[in-house]
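Here are the chains, one letter per residue:
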Amino acid sequence: MRARILPLCVVFGCSGSGERAEGGAWEPGTGTETGTGSAGPGDSPGDDRPGSEGDPSSDATGEEPTPELAEVGHERELRGAWIATVYNINWPSAQGLSVAAMQNELLAYLDVAADYNLNALFVQIRPEGDALYASDLEPWGRWLTGTQGNDPGFDPLEFLLEHAHARGIEVHGWFNPYRAAANANAPLAQPHMALAHPQHAHTYGNLLWMDPGAAVVQDHLVDVVLDVVDRYDIDGVHFDDYFYPYPNGTQFPDNGTYSAYVNGGGMLARDDWRRDNVNRMVETLHDEIDAAKPWVRFGISPFGIYRPGMPPGITGLDQYAELYADPVKWIQEGWVDYLAPQLYWPSTQTAQAYEPLVEWWVSIAPEGRNVFVGNYLSQLGSSSAWTVDEIRLQVELSREYQIDSPGNIFYHIAPLANNQMGVGTMLVDELYPHPVLTPPMWERAGDEVAYPRVIVSGETVDLEPRDDTPLRAWVVYRDEGGVFVLDHIVPRAQGDTLELSPGRWAISAVAKSSIESLGVVVEI
């Protein structure tokens, strides 16, 4: 018999690892009751658990004794912030900075995220068909040096991943799929896709936009994303709300590709064809990412209104009809791991009221698929509606409706870095008092994560993985009166040795998919 995986109630949150107040409000969990058995009914020392063969600590039979195991877990929550690079909104603060200055700015943002117990950053690495990382497929972004194609002197993504993971912070690569230039008159550098395929690069207002109906554009996008997934240890691939451009009153100039589609026997009307172009891209990327690295989370942050009247009373832009985006289909088909709708209105704005929108978005997601809310933090202080109390309320409402896996992503990180109006202090004092892991990936719920091999010497604990499952962290729980309570999370990037004080502890392994193993109980 293989070692037990955590029951779904433990993996995805259960009353034993965090109680909910009346009305479904989210409260930090306390822990899981300790167990006295080693691995459950019918298990016995020396069975065929992963990693037991050939271990030097094996007993006289040549098989490794089974340690005492306990079900452990804590309430999960995605606590994220966007870092925008286009127009130098967040990083780098200006073009042409020295390598040291750019790196110090990134480190400062990472420290802010760690100080406020965030666990994920969504960093814009492809704002306009360029790359804020070393790439043979696209040119260096102009936001780094001032000139597209110029090497900034280091690889920002590599640097960011190293230092974020050491702090236990996930990095999700934020790609803009079709925007070729934020200014249509900006000079481009090889091998920019608009230079390689000028017939599919269209000026639309002041933007340059690649035609989603062109197969070569779609193929290039998939190649770019998979190149990053393959070469970098990113935790997620993230798109925002830009698919076809926001309408400016003129038709997007895709007559050529639509005519070719019709002449080839295509039967869809143009609007349906446009949606199908985006849908096929989303499906393809999901499948390709899952095949390459199944622990890399793929999600999209769509405009906050799906269609006017959904839910009743909501008015605004119809993204289904005007951006040709169908996020309801994406999540219901299982093509995305999560949606993060941009609910960029205060709770008092009736026509786009925050609470009904949160409830509606959560309601359309199949069981296990996450809906994390995008919050307009950069509006803080812009009017009487945007207060610290409003931000607190929005997080609380998100938790109320996202019962299984709450989460918020703040646009953008600057107000936190500045602790504007005390918003960071509020978060860490009231909402994010201690670090937690991000919610597990539903598609990986059936995966088994082997509990760690634990070697104790005095107060020093050495940990070893039992197999080659990519691990994110070790999690340490302390026994408080028969309940294992989250004590701290140790990012794998920090190493495999812990120092623990005298007491009874349980230590688990967490895969990059955020699935957690059973805890190995140790006495110090």
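Residues numbered from 1 in each chain as written. Predicted model: local features only at pLDDT ≥ 70, side-chain atom pairs only at ≥ 80, totals over all residues. Heavy atoms only, no water.

Residues and numbers for the sheet that holds strand 19 (residues 497–499), please.
With antiparallel pairing, the three strands of this open sheet are ordered in space as 15-16-19. Edge positions in the open sheet fall to strand 15 (453–457) and strand 19, since each of these has one partner strand only. Strand-to-strand twist in this sheet, taken as the mean axis angle between neighbours without regard to direction, amounts to 25°. Judged from the five bridges that link them, strand 15 and strand 16 (residues 460–464) form a sheet pairing that is antiparallel. In the strand pairing of strand 16, R453 is matched with E464. (Pairing = 2+ DSSP bridges. Helix = DSSP H or I, 4+ residues; strand = E, 2+ residues; numbered from the N terminus. Axes fitted to C-alpha atoms, helices over the stretch in contact; angles between N-to-C directions.)

I'd like a rundown of the side chain of H165, residues and numbers included.
In this fold, H165 is placed in helix 4 (residues 156–166). For H165, a relative accessible area of 15% corresponds to the buried category. Engagement of the side chain of H165 in a polar contact is seen with the side chain of D235, the distance being 2.7 Å. Not counting residues up to four positions away in its chain, the partners in contact with H165 are V171, D233, D235, P491 and A493. (Buried < 20%, exposed > 50% of the residue type's maximum accessible area, 1.4 Å probe, protein only. Polar contact = N/O pair within 3.5 Å; in protein donor to acceptor, adjacent residues only side chain to side chain. Contact = heavy atoms within 4.5 Å.)

Lay out the packing of helix 12 (residues 388–401) against helix 14 (residues 423–431) with the relevant residues and their values.
Where helix 12 meets helix 14, the axes come as close as 10 Å, and the angle between the chain directions of the two elements is 40°. The two elements helix 12 and helix 14 cross, and the hand of that crossing is right-handed. Contact with helix 12, carried on its side by V388, I391, R392, V395, E396 and R399, involves V423, M426, E430 and L431 of helix 14 and no other residues of that element. (Left-handed = near helix turned anticlockwise from the far one by under 90°.)

Kindly report on the sheet that holds strand 12 (residues 370–371), identifying the contributing residues and their values.
With parallel pairing, the nine strands of this open sheet are ordered in space as 12-11-10-9-5-4-3-14-13. Every interior strand has two partners, whereas the edge strands, strand 12 and strand 13 (373–375), have only one. Relative to strand 5 (residues 170–175), strand 4 (residues 120–126) runs parallel, the two sharing six bridges. Its bridge partner lying in strand 5, F122 is registered against H172. Its contacts with the sheet put helix 12 on strand 3 (78–83), strand 13 and strand 14 (407–410), and the angle it makes with strand 14 is roughly 145°.

An account of the pairing of strand 3 is needed here, citing residue identities and associated values.
Put simply, side chains in a regular strand alternate between the two faces of the sheet. Among the six residues in strand 3, six count as buried, and that is most of the element. Burial along strand 3 is two-sided: L78, G80 and W82 facing one way and R79, A81 and I83 facing the other are all buried. Of the pairings in the sheet, the one linking strand 3 to strand 14 comprises four bridges and is parallel in character. Within strand 14, the position partnered with L78 by the bridge is G407. Direction of pairing for strand 3 relative to strand 4: parallel, over a ladder of four bridges.

Describe the pairing of strand 8 (residues 207–210), listing the residues and the values that go with them.
Neither face of strand 8 is exposed, since L207 and W209 on one face and L208 and M210 on the opposite face are all buried. Examined bridge by bridge, strand 7 (residues 201–204) and strand 8 share four bridges and lie antiparallel to one another. When the bridges of strand 8 are listed, Y204 appears paired with L207. Taking the residues that link successive antiparallel strands as the turn, the strand 7-strand 8 hairpin has two residues, and the phi of G205 there is positive, at about 60°.

Which residues make up unusual backbone geometry, and what are the values?
A cis amide bond links Q190 with the next residue in sequence, P191, at an omega value of 0°. Tracing the chain through its elements places P191 in the loop between strand 6 (179–181) and helix 5 (193–196). For the peptide bond that leads from Y411 to H412, omega is 0°, which places it in the cis range. For H412, the position within the fold is in the loop between strand 14 and helix 13 (414–417). One non-glycine residue, Y87, adopts positive backbone phi at about 60°. By the element assignment, Y87 lies in the loop between strand 3 and helix 2 (99–115). The exposure class of Y87 is partly exposed, given its relative accessible area of 48%. Its identity as a non-glycine residue notwithstanding, Y324 has a phi of 60°, on the positive side.

For helix 12, give the residues involved together with the corresponding values.
Taking 1.5 Å per residue, 14 residues should reach 20 Å; helix 12 reaches 20 Å between its end C-alpha atoms and fits that length. Most of helix 12 is tucked away: ten of the 14 residues are buried. Every buried residue of helix 12 is listed here: V388, E390, I391, R392, Q394, V395, L397, S398, R399 and Y401. Looking at the buried positions of helix 12, the neighbouring elements they touch are strand 3, helix 11 (354–364), strand 13, strand 14 and helix 14. (Expected span 1.5 Å × (residues − 1).)

How would you summarise the environment of V228 if you had to cite specific residues and measurements?
Relative to the elements of secondary structure, V228 occurs in helix 6 (residues 215–231). In the structure, V228 is positioned 55 residues away from G173 in sequence and 8.5 Å away in space, judged by C-alpha atoms. Filtering out sequence-adjacent residues up to four positions away, V228 remains in contact with I125, Y133, L157, F175 and I234.

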